[in-house]
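Below, each chain spelled out in residue letters.
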Amino acid sequence: MLFFRSGLFVVGPESAGAHPGPVCYRKGGPLTVTDANLCLGRLLPEYFPKIFGPSENEPLDKAATIEAFYKLTEEINNFLSTQPDGKTKPAMTAEDVAMGFIHVANEAMCRPIRALTQAKGYDTNHHVLACFGGAGGQHACSIARALGMGTVFVHKYAGILSAYGMALADVVHEAQEPCAKVYEPESFLYLDERLTVLEKQCEVELEKQGFKPEHIHTEAYLHLRYEGTDCALMCTANPSSKSETACKHGDFQKTFLQRYQREFGFTIQGRVIVVDDIRVRGIGKSLVQTDSPVPAAEGPPRVDKEVDVYFESGYHHASVYILGDLHAGHEIPGPAIIMDNLSTVLVEPDCTAFITSRGDIKIVIGSGELRRIGTELDAIHLSIFSHRFMSIAEQMGRVLQRTTISTNIKERLDFSCALFGPDGGLVSNAPHIPVHLGSMQEAVQYQMRSLEGGFQEGDVILTNHPAAGGSHLPDLTVITPVFYKSERKPVFFVASRGHHADIGGITPGSMPPHSKSLTEEGASFKSFYLVKQGLFNEAELVQALKAPGMVPGSSGTRNLQDNLSDLKAQIAANHKGISLVLELIDAYGLDVVQAYMRHIQTNAEVAVRDMLREIGTKVHQRSGVSELEAEDFLDDGSPIRLKISIDIQQGTAVCDFSGTGYELWGNCNAPRAITLSALIYCLRCMVGHDVPLNQGCLNPVRVTIPKGSLLHPSDTAAVVGGNVLTSQRIVDVVLKAFEVCAASQGCMNNVTFGEEKWGYYETVAGGAGAGPSWHGHSGIHTHMTNTRITDAEILERRYPVILRHFSLRPNSGGSGRYRGGDGVVRELLFRRHIMLSVLTERRVFHPYGMKGGSPGERGLNLIMKSDGRIISLGSKTAIATEPGDIFRLLTPGGGGYGCPNVMTSAEEDTSQKKQPLSIERGSVYEYHRAQESV
């Protein structure tokens with residue numbers, strides 16, 4: 001579906017579906033990409049069957065589509081005329097608008113392709129774009145060009161390729177069994193024997209299905225990983241290798257090392273390789289006859305008709321061909337349209353299509369001419385640059401996840417990557433960890449002030465100190481300036497922040513529940529040159545990471561090698577970001593890229609101003625004033641107070657936290673950067689639709705935080721809990737003031753355990769708060785965190801614990817018209833003497849309900865001793881556990897919203913209009929999408 005929101009062209013992710021479908025389907029649907037292609041002449045109604053309309057007997061309605069685009073064009077021109085210099089610019093035509101949406105749609109499709117190929121270590125430049133689906137051929141040339149791909153391949157059955165593939169598919173039977181042996185010559189006999197046994201099992205099963213032995217083929221696999229890591233790769237053997245690392249079935253280690261290098265960018269020298277599983281795939285060949293060759297061309301291709309098609313430079317005459325009339329060797333220069341009963345293929349100008357011997361279409365992509373654009377605001381390019389900037393941050397995140405070693409970053413996804421302007425202001429970030437986002441901007445700007453602009457090319461800065469924009473010490477931030485050609489000052493900055501499992505301190509895992517000062521929480525860095533003029537300062541870094549061991553009762557980092565490896569991965573992620581930024585600048589020019597950086601920040605600012613005006617107006621109508629107030633408490637009784645004063649005319653607000661409690665003799669103090677992160681997150685959520693999350697979101701807001709309060713503590717105050725607990729309470733207070741929704745669990749449920757040489761850390765999900773038109777989700781991370789839980793198999797394999805129980809906590813969400821989400825129950829059985837640390841909140845005060853909804857249940861932390869005693873641990877504690885002890889964690893539920901059986905105001909407003917479902921976002925969603933692409 002197509003939208004124009006706050007000056008931004010938006011495509012999807014909402015879909016019109018098959019019913020009602022696009023406007024042209026004659027069923028009252030919205031404008032979609034299909035309508036845009038129809039408006040531009042890229043879809044030809046005369047070649048479509050008459051199956052549209054209420055009676056499904058009418059053709060596509062091009063007139064209705066054009067009329068809808070005229071209405072939208074008028075709306076867009078009216079908006080643009082109110083912008084600076086808007087009246088001096090020529091008005092957009094309906095074709096300009098439709099073409100703009102096509103460009104934005106193409107860029108939106110390019111983003112996941114870039115991200116997924118990057119995640120697997122591939123470069124799109126070296127590959128062919130395979131196109132399928134009825135509509136894919138209309139966009140293939142543009143997408144291939146944007147991705148730097150020189151060839152598009154369109155199967156002749158592209159419109160039904162999935163069904164065609166299923167008909168031709170071989171029958172597969174797989175047999176697999178676990179294994180825990182080291183890949184070494186002493187294990188080869190066992191591995192060969194087990195592979196042979198599994199091969200026989202597959203052959204027997206396939207023979208039962210009627211396959212003859214000569215039609216059965218088997219493939220052997222070993223699931224390999226480095227010892228001490230969690231990322232295993234399923235590897236086939238390299239049959240040609242005769243090295244000492246090859247068994248009878250071939251050299252699996254060679255394949256493993258090649259794939260590891262390609263996917264993660266490095267191999268680990270001297271590390272043992274472990275076999276997790278043995279697997280054999282048996283394949284019964286279907287022997288279905290595939291399509292035969294098509295006749296060779298004996299003359300030029302027959303043109304069915306000529307049409308006018310709109311492209312970037314205006315209307316072009318294009319020839320229309322019928323795929324069934326084309327023969328092998330036919331060459332079709334663009335612009336052209338190749339029609340088939342199942343799909344439409346657009347051959348763009350400067351591209352050439354060739355018909356292969358099998359009747360498929362191969363399109364060679366020309367270089368094309370990149371249209372030069374100016375620095376003035378263009379609504380279409382605003383959307384395109386928004387996608388490009390976001391793609392840079394996403395690809396940085398892929399590289400970081402791919403090249404890191406630690407469970408925290410690779411598996412739990414506790415990291416963030418972002419792009420910043422030359423003033424240090426946030427430009428774009430991938431949907432990673434919300435608590436990092438606003439605070440990373442503070443970190444970059446602190447370095448600019450601290451180093452007085454003394455950056456040089458090749459420098460990389462490491463920081464984590466709360467006074468320097470840090471969140472808490474385990475979150476190490478790596479900042480790299482971006483230089484361009486002769487520019488003396490950085491033109492952009494890139495940064496990555498990752499949670500390191502241990503950086504020293506008084507407890508393993510560097511999340512001490514009872515820390516009273518920053519020195520007890522691990523190594524700290526304000527402005528440390530991780531790399532200086534291209535040289536990695538490893539000796540000084542190691543010294544700094546071991547420095548906490550000089551504090552009595554404390555330790556230096558307990559996992560130095562993981563710290564070093566992960567920091568190098570963060571450097572690599574930043575390097576990827578730099579190369580992408582420079583690539584963008586080379587394509588468009590520095591002045592244009594920086595101009596659109598500012599335009600995107602302004603666009604976010606406009607969206608927030610509109611939202612504040614709307615909310616302020618409603619509050620004023622209800623109460624006669626445009627002020628909001630709220631208060632909530634930490635478990636120790638410390639208040640967090642907020643007063644919001646909205647200027648309806650300007651669309652601005654003053655957020656005043658005066659009255660908030662004093663700095664704490666504990667670790668729930670939150671640096672100023674945390675409060676800004678919480679605010680930018682809440683404002684972005686309340687806008688209600690996709691806008692870039694950047695510095696512009698905070699421009700209309702002035703924040704007052706009293707110095708010496710728990711939200712603006714001294715430089716030496718302990719802060720480890722402020723990042724993971726107080727940040728959630730700030731969000732609760734902001735959303736309570738705006739009366740947006742009930743409270744979510746309000747805690748990250750931090751669990752850390754370990755011994756002197758290792759530490760493990762996890763955050764556990766709970767219930768989400770309900771809202772005026774939705775039930776709260778159960779067993780989910782909310783608001784300021786967005787991480788995965790470690791897989792049970794990985795947890796039990798790497799650490800001396802057993803996961804006894806992990807389920808939802810029934811009825812822990814608050815009741816109401818809409819119920820709050822349920823928390824979870826998690827039980828860990830310890831198999832050795834282990835130090836357990838628990839850092840939690842909402843064990844005293846319930847997550848509040850709203851508008852008559854009931855509060856959610858409080859959380860509870862218990863130790864069940866082997867002698868039968870059950871001990872309540874309170875919200876924050878460290879305890880030495882014994883073998884057989886069970887830690888039982890019950891996380892809070894979300895608050896309910898509204899009185900049961902009474903319609904909320906939102907329902908009354910939308911009772912005649914179906915509301916769109918919430919859109920899944922975030923690092924966990926992106927991770928699942930990447931996994932499903934394998």
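Below you will find a few notes about this structure. What you are looking at is a predicted structure, and each value in this text was computed from that prediction instead of being measured.

## Things to note about the overall build of the protein
When you go through the protein residue by residue, the secondary structure sums to 18 helices and 35 strands. For 934 residues, the compact-globule formula gives about 30 Å, and the C-alpha radius of gyration of the protein, at 30 Å, lands near that figure. Buried residues in the protein amount to 57% of all 934 residues. The contacts of the protein with a sequence gap of at least 6 include a subset with a gap of at least 24, amounting to 70%. Taken as a whole, the protein presents about 38,400 Å² of accessible surface, with 52% of it coming from carbon and sulfur. Here the protein contributes 88 positively and 104 negatively charged side chains, and the mean placements of these two sets differ by 3 Å.

## Topic: the pairing of strand S31 (residues 834-839)
Each regular strand carries side chains that alternate between the two faces of the sheet. Counting buried positions over the 6 residues of S31 gives 5, a clear majority of the element. Pairing of strand S27 (residues 750-755) with S31, which is carried by 5 bridges, proceeds in the antiparallel orientation. Paired with Val 751 across the two strands is Val 838, which belongs to S31. Pairing of S31 with strand S34 (residues 876-881) involves 6 bridges; the strand directions are antiparallel.

## Points about the sheet that holds strand S3 (residues 129-131)
Backbone hydrogen bonds are what pair the strands of a sheet, in a parallel or an antiparallel way. The strand order across the open sheet formed by 5 strands is S3-S4-S15-S14-S11, and the pairing between neighbours is mixed. Taken across any chain shown, the strands that pair with only one partner, and hence form the sheet edges, are S3 and strand S11 (331-333). Recorded for the sheet is a direction-independent mean angle of 20° between the axes of neighbouring strands. With 3 bridges connecting them, S11 and strand S14 (residues 351-355) associate as antiparallel partners. Among the inter-strand pairings, Ile 332 is bridged to a residue of S14, identified as Ala 353.

## As for the nonpolar core
Ranked by internal contacts, the top residues of the largest apolar core, which has 79 residues, are Ile 644, Phe 657 and Phe 738. Counting residues domain by domain, this core receives three or more from each of domain 3 (379-603) and domain 4 (741-905). When residues no more than four places from it in sequence are discounted, the contact partners of Phe 657 are Ile 640, Arg 641, Leu 642, Thr 675, Leu 679, Val 703, Thr 704, Ile 705, Pro 706, Leu 711 and Ile 730. Listed in part, the 36 residues of the second largest apolar core include Phe 385, Phe 492, Ile 578 and Leu 580.

## Section: helix H11 (residues 538-546)
Within H11 the residues assigned to the buried category are Leu 541, Val 542 and Leu 545. Looking straight down H11, one finds that the buried residues subtend no more than 100° of arc, so they occupy a single side. Opposite the packed face of H11, turned more than 90 degrees from it, sit the exposed residues Ala 539 and Gln 543. Its buried side turned inward, H11 meets strand S18 (460-463), strand S21 (528-532), strand S22 (535-536) and helix H12 (560-588).

## A look at unusual backbone geometry
His 19 connects to Pro 20 through a cis peptide bond whose omega is 5°. Within the element layout of this structure, Pro 20 appears in the loop between strand S2 (8-11) and helix H1 (33-39). Backbone torsion omega between Gly 334 and Pro 335 reads 5°, so that peptide bond is classified as cis. In this structure, Pro 335 sits in the loop between S11 and strand S12 (336-339). One non-glycine residue, Arg 26, lies in positive phi territory at about 65°.

## What about the sheet that holds strand S24 (residues 639-647)?
The sheet built from 4 strands is open, its strands ordered S23-S24-S25-S26 with mixed pairing. A single partner strand is all that each edge strand has here, and the edge strands are strand S23 (627-633) and strand S26 (701-704). When strand polarity is set aside, the average angle formed by the axes of neighbouring strands in this sheet is 15°. Sheet strands in contact with helix H15 (residues 720-738) are S23 and S24, and its direction is about 145° off that of S23.

## Side note on the packing of aromatic side chains
Under the definition given, this model contains 23 aromatic pairs. With 4.9 Å between their ring centres and 40° between their planes, Phe 753 and Tyr 760 make a pair best called tilted. Measuring from ring centre to ring centre gives 4.8 Å for Tyr 760 and Tyr 799, while their planes differ by 50°; the resulting arrangement is tilted. With Tyr 760 in strand S28 (residues 758-763) and Tyr 799 in the loop between helix H16 (792-798) and strand S29 (801-808), this pair connects stretches of sequence that are 39 residues apart. The two residues Tyr 760 and Tyr 799 agree in class, both being buried.

Each value, and the rule that gives it
- Residues numbered from 1 in each chain as written.
- Predicted model: local features only at pLDDT ≥ 70, side-chain atom pairs only at ≥ 80, totals over all residues.
- Heavy atoms only, no water.
- Helix = DSSP H or I, 4+ residues; strand = E, 2+ residues; numbered from the N terminus.
- Rg over C-alpha atoms; globule rule 2.2 N^0.38 Å.
- Buried < 20%, exposed > 50% of the residue type's maximum accessible area, 1.4 Å probe, protein only.
- Contact = heavy atoms within 4.5 Å.
- Areas by Shrake-Rupley, 256 points an atom, 1.4 Å probe, with all protein chains shown as cover.
- Lys, Arg positive; Asp, Glu negative; His and termini not counted.
- Charge placed at Lys NZ, Arg CZ, Asp CG, Glu CD.
- Pairing = 2+ DSSP bridges.
- Axes fitted to C-alpha atoms, helices over the stretch in contact; angles between N-to-C directions.
- Core = buried A, V, L, I, M, F, W, Y, C linked by side-chain atoms within 4.5 Å.
- Domains from an automatic or database assignment.
- Arc of directions from axis to C-beta.
- Phe/Tyr/Trp six-rings, centres within 6.5 Å; stacked < 30°, edge-to-face > 60°.

Any functional reading would require information that these geometric values do not contain.
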